[in-house]
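So you can see what is in the structure, the chains are spelled out below.
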Amino acid sequence: MRYLPKVAICDTGDVIGTKLPYLLEEYFSVIPFAEPPSLPAVLQKSSPDIILIGVPGDALAIAVTSAVLSECGTHSGSPRVIAMSPALVPDLVVKLMRMGVHDCVFLPVTPEQVVKRVQAALPAVLPTRSTPSRSEAGPLGTIVGLSEASVELRRVLQRYAVSDSPVLFLGESGTGKDLSARVVHELSYRSAGPFRAQNCGAIPDSLAESELFGSERGAYTDAVSRPGLFETADHGTLFLDEIGEMSLFAQAKLLRVLEESAVRRVGATRSRAVDVRIIAATNRDLAAEVQAGRFRNDLYHRLTVFVHRIKPLRERVEDIPLIAEHLLQTLYDTAVTRTRDRHAARRRYLSEEALRFLMKQSWPGNVREIMNVLERSIQHSDNVKLQASDIRLLP
Ligand SMILES: Nc1ncnc2c1ncn2[C@@H]1O[C@H](COP(=O)(O)OP(=O)(O)OP(=O)(O)O)[C@@H](O)[C@H]1O
Ligand SMILES: [Mg+2]
């Protein structure tokens, strides 16, 4: 479940228009409201994280902003206010910021620019949220983040889901290759069928054939009759993880199945048709493996109909606040399930300083590493709101 920042939009003087709020719905949970008088109801009902106010560039801007700010309050749990105007002269910007506006944005503006400004405000906003996260449901909702890379990833996964061609995910350890493969499966018509994952590096040559294709009784000493991976994934998706580790021998076997859409169990005389979609992943540079002669060129071309490289977290630090928030919620949910006691488990939060500290790290282990660090930090500290000094980086 992906946490969507709640953004309330109040357009006074009709400067924002109707198109922008509509376009922002891809990124946020948008709460439109017409006039400042209806703000109290919006605050009570939806507790927005951010309020975007459209202000014309005159005395009205000051009046409206001051009305909104006084309605929101200035305690730590108050939403941040971002003023948007086509007529922001420096003088007005200074006045608005002094009044307590978090940021000022010149209009016109693209949805992407708004996303950036809201993202920049999140480290200040998220630590003040005591209400449970509102999340976007569905498989895509498991991919958290509003960076351009994450938005693009969700679009790409939707595209892959309506196709049946092989997909290859590239990316460092812990970037979400496994997660992405599952999302494609869940969004595809195969979601009613099985999702099978296999770590290709883990199959020794001697077992490759029987693992992939199964075996018939008596095919070799102690052989029992059993289906291989392809058969168990029939009408579903087979996720070939660490495909870069697959031996040349197993690659040759795999290529044949892909060409024939049929498998023959070891020791069987006839082959059986299988209907399996392949999604592969690796943290190696597969093209370089081909160059080096360690990966078959023909198999490479079969597997790379769709290729997507998932960016490491250090190239999308803007994602860290929402991902950390999401991981804390996940850790809490897990604790509740484990202890079956809603009170024994405590929902933890991160202070703004702690969030900024997390954003400064390089995270070679990416999302998985942040998850482990948060888990350790929670064990080491009793603070409900974790401070930077509570963060226990891995040794
Ligand atoms: N964008 C994201 N939003 C939320 N959770 C994420 C995101 N990316 C990764 N995760 C979580 O991080 C953990 C690691 O992700 P995953 O196992 O998919 O990585 P991977 O790329 O397959 O890593 P490896 O190469 O080590 O197998 C998982 O718990 C996953 O749910
Ligand atoms: Mg993985």
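Residues numbered from 1 in each chain as written. Chains lettered and ligands numbered in written order. Predicted model: local features only at pLDDT ≥ 70, side-chain atom pairs only at ≥ 80, totals over all residues.

**Quick word on the site of ligand 1**
The environment of ligand 1 is made up of 17 residues, and the closest members are Val 144, Gly 176, Lys 177, Asp 178 and Val 367. Among the residues making up the shell around ligand 1, the classes are represented as 6 nonpolar, 8 polar and 3 charged. Three or more residues apiece are contributed to the shell around ligand 1 by two domains, here domain 2 (148-310) and domain 3 (314-390). (Near = placed C-beta within 6 Å. Nonpolar A, V, L, I, M, F, W, Y, C, P; charged D, E, K, R; others polar. Domains from an automatic or database assignment.)

**Regarding helix H15 (residues 366-380)**
With 15 residues, H15 extends 21 Å from end C-alpha to end C-alpha; this agrees with the ideal 21 Å at 1.5 Å per step. Residues of H15 that are buried include every one of Asn 366, Val 367, Val 373, Leu 374 and Ser 377, and no others. The arc that holds the buried residues of H15, viewed along the axis, is 120 degrees, so those residues lie on one side. Buried residues along H15 sit against helix H13 (320-339) and strand E18 (385-386). (Helix = DSSP H or I, 4+ residues; strand = E, 2+ residues; numbered from the N terminus. Expected span 1.5 Å × (residues − 1). Buried ≥ 20, exposed ≤ 12 C-beta atoms within 10 Å, placed from the backbone. Arc of directions from axis to C-beta. Contact = placed C-beta atoms within 7 Å.)

**A short note on the domain arrangement of the protein**
With domains assigned, the protein is organised as domain 1 (2-135), domain 2 (148-310) and domain 3 (314-390). Taken together, the contacts link 7 residues of domain 2 with 7 residues of domain 3. Here the side of domain 2 that touches domain 3 is built from residues that sort into 1 nonpolar, 5 polar and 1 charged.

**Concerning the sheet that holds strand E3 (residues 29-33)**
Read across the sheet, 5 strands follow the order E3-E2-E4-E5-E6 without closing on themselves; strand pairing throughout is parallel. Single-partner strands in this sheet number two, and they are E3 and strand E6 (103-106). For this sheet, the mean angle separating the axes of adjacent strands, direction not counted, is 25 degrees. In terms of strand pairing, strand E4 (residues 50-54) meets strand E5 (residues 80-85) through 5 bridges, oriented parallel. Residue Ile 53 lies in a different strand from E5, and its bridge partner there is Ala 83. Strand contacts of helix H5 (residues 111-125): strand E2 (6-11), E4, E5 and E6, with the helix running at about 160 degrees to E5, the strand carrying the most contacts. (Pairing = 2+ DSSP bridges. Axes fitted to C-alpha atoms, helices over the stretch in contact; angles between N-to-C directions.)

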